[in-house]
Amino acid sequence: MPEITETAIRKALSRVIDPAHGKDIVTLNHVSGIAIKDDIGGSHIFFSLEVDPARGPVLEDIRQHAENAVKQIAGVSMVTAVLTAHRGASKQAMGKGPPRASTQAAVPGIKHIVAVASGKGGVGKSTMAVNLAAAFAADNLRVGLMDADIYGPSVPRMLGIADKKPEMLEGKKLQPIHAAGMQVMSMGFLVAEDNPVIWRGPMVMGAIQQFLRDVAWGELDILVVDMPPGTGDAQLTLAQQVPLSGAVIVTTPQDISLIDARKGLNMFRRVDVPILGLVENMSYFICPHCSGRSEIFSHGGGRSEAGKLECDFLGEVPLDLEVRQSMDAGKPIVVANPNGTQAMVFKNIAARILKKLNEGAKVVAE
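Residues numbered from 1 in each chain as written. Predicted model: local features only at pLDDT ≥ 70, side-chain atom pairs only at ≥ 80, totals over all residues. Heavy atoms only, no water.

**Description of the overall build of the protein**
Within the protein, the secondary structure is distributed over 11 helices and 14 strands. By the burial criterion, 53% of the 366 residues in the protein qualify as buried. Across the protein, every contact between residues at least 6 apart in sequence was considered, and the portion connecting residues at least 24 apart equals 75%. (Helix = DSSP H or I, 4+ residues; strand = E, 2+ residues; numbered from the N terminus. Buried < 20%, exposed > 50% of the residue type's maximum accessible area, 1.4 Å probe, protein only. Contact = heavy atoms within 4.5 Å.)

**Some remarks on the side chain of T251**
Looking at where T251 falls in the secondary structure, it is placed in strand β11 (residues 246–251). In this structure T251 comes out as buried when scored by relative accessible area, which is 0%. Those residues in contact with T251, other than ones at most four positions away along the chain, are V123, S257, L258, A261, L278, V279, E280, N281 and G302.

**Here we look at the nonpolar core**
Nonpolar side chains in soluble globular proteins tend to be buried together. With 90 residues, the main nonpolar core has F136, L145, M146, L159, L223, F268 and I353 as its most contacted residues. At nine residues, the largest contribution of residues to this core is made by helix α3 (residues 125–138). Each residue touching I353, except ones within four places of it in the same chain, is listed here: L132, F136, V248, L276 and L314. A12, V16, I25 and V76 belong to the second-largest nonpolar core, a separate cluster that totals 22 residues. (Core = buried A, V, L, I, M, F, W, Y, C linked by side-chain atoms within 4.5 Å.)

**Quick notes on the side chain of E67**
One can find E67 in helix α2 (residues 60–71). Not counting residues within four places of it along the chain, the set of residues in contact with E67 comprises F47, V79, T80, A81 and Q210.

**Focus on the confidence of the model for the protein**
The pLDDT averaged across the protein works out to 83; a share of 84% of its residues lies at or above 70. Here residues 361–366 is a poorly scored stretch, pLDDT under 50, and it has 24 contacts once near neighbours within four places are set aside; other chains count. (pLDDT = per-residue confidence, 0-100.)

**Here we look at empty space enclosed by the protein**
A full pass over the atoms with the stated rule returns two cavities of 30 Å³ or more. Roughly 30 Å³ of internal volume is contained in the second largest cavity. Around the second largest cavity, the lining residues are D18, H30, L49, V51, L59, I62 and L83. Of the residues contributing to the lining of the second largest cavity, the split by class is five nonpolar, one polar and one charged. (1 Å grid on protein atoms, 1.4 Å probe; cavity = no way out; pocket = protein on both sides within 12 Å on 5 of 7 lines; lining within 4 Å. Points joined across faces, edges and corners; volume = space filled by probe spheres on them. Nonpolar A, V, L, I, M, F, W, Y, C, P; charged D, E, K, R; others polar.)

Put into structure tokens, the structure is as follows:
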């Protein structure tokens, strides 16, 4: 297999002309963040095109021409190009101004998009997202699960599909992977588990937008988005640009986690995303040997914080060995033991979320 170099990629892209300036996109310094992932069957090339946000809608043709130009390089099997705001982006794009609802384009065929988020990592956000999505699917809903944690995608491993690769369909859309009764897309399908994604924030946002735009999700009742942890630019921009029906905030009971959960919740409120409620994960531990209960990380902080923040408390999820073992085995507890106590905890939370969506959270697409 021939070696693919950044020089060869830039040479191919130098044949793509921006008609507004009459120059190629390399000369105009539009191209950045080139990444090359070698895989069986060929190389997958990633890069971003930094453009003026105001021109974004009219530059889709250039993005497609850029992808096609790189695909002509021998040994290239797949190309992912994303449009991102240039370094002179507006204050709104950086989260310093009011949200602009006009930038939110509904995703055709998807009724509700729900973000599962946390103010910090390590609180079980992905475990929550996977099991909630599985619970929705068990309720005979058409469900998608989008792993938006570009730097640390864990959804493929949790669903036992880390070795799968999405196919490219006609129309240049990726076919999501089917697992546990739902459609799944993750950067983990495109990059090896031990291969770090070293991208700047705008490239991450571009990849997330492409997961929405260029994946053949089909007709979905609900798309669950496993958000990146924290409250940085990527999270804020996603909240501003993706038409979310609501957000679920995941926390653990201790004070340090609650402080970060408060930040995450307030971020969504700042950009007018409805808060569906707060979930307390790792709420307590039941010993499998003596059935004794231990509140390892304290207890009740989530319910108390929900009261202070005037949002619904969706439920307590205990720290449980069976949940951990099922996730490590690639079969979430809702699928592995659907009638078990732990599965019912997730199903009850999913039912409360669905009820809130049906009662009034905004519908993003019909």
